[in-house]
Amino acid sequence: AMHVKAHTLGVQIPFTQIRPFKCHADIGARASLIIGSTEYKWRLGTWWLAFVMYCTFIVWTVIVSARDPANPSRKMNFCSFLSEVVAGLSMLTNHGIIWYYSSERKWHEEVLEKIEEASHSFADPFMNDGRNIGVELTQIHQELVVSPPSN
C-alpha cells in the first residue's frame, strides 16, 4: 500500500530530483490531487512519517533479532513496537485525510435520495414505466462523476 500512495503522491527522494514512483499518465487520467494543496501536503507528510517509522521498525527488528535471545532488551523491543505503532497510526491518519477531502463525503442529500429511489427497483429489472434500471443507474452515475454536486 505504501508504494501505491507513493505513486499517487509522486514522492521524490530527498535532496535529489529522482521520483521513482512518479505517475506518467496524462493529466486527464490522474486523480484530482493538486500538488502543493493542503491535502497534498498533509498526505505527503503522513506518508513520509509512515515510511520513516516503518524503516525504523525494520532496523529495530533486525537489531532485536541479532541480540542474544536469552537476554532480550525491553527498551529495544519497546522501540521496535513504538515505531511500528507510529507507522500504522500515520497510515490511518493518511486514510482519514483522504476521506476528509473526498468529494463523495460532501454529496447532497438529494443525490443520495436519487440513488435510493433507483435502488428500490432492483427486484424488477424494468421500472414500472418500462425504463431499464441499468440505464437509470448509469445516468445517475454520469451525473455524479461528470458533474458532482458542489457545496
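These lines cover the structure that appears in this document, whether it is placed above or below. (Residues numbered from 1 in each chain as written. Predicted model: local features only at pLDDT ≥ 70, side-chain atom pairs only at ≥ 80, totals over all residues. Heavy atoms only, no water.)

**Observations regarding the overall build of the protein**
Okay, step 1: Across its full length, the protein carries five helices and zero strands.
Okay, step 2: The proportion of buried residues among the 151 residues of the protein is 21%.
Okay, step 3: Counting only carbon and sulfur atoms, one obtains 63% of the accessible surface of the protein, whose full area is about 11000 Å². (Helix = DSSP H or I, 4+ residues; strand = E, 2+ residues; numbered from the N terminus. Buried < 20%, exposed > 50% of the residue type's maximum accessible area, 1.4 Å probe, protein only. Areas by Shrake-Rupley, 256 points an atom, 1.4 Å probe, with all protein chains shown as cover.)

**Comments concerning the pattern of salt bridges**
Okay, step 1: Per the counting criterion, the structure on display carries one salt bridge.
Okay, step 2: For Glu39, the salt bridge goes to Arg43, with nearest N and O atoms at 3.4 Å. With Glu39 and Arg43 both in helix H2 (residues 38-66) and four residues apart, this pair spans about one turn of that helix.
Okay, step 3: The class of Glu39 is buried, set by a relative accessible area of 15%.
Okay, step 4: The exposure class assigned to Arg43 is buried, which follows from its relative accessible area of 9%. (Salt bridge = Lys/Arg side-chain N within 4 Å of Asp/Glu carboxyl O.)

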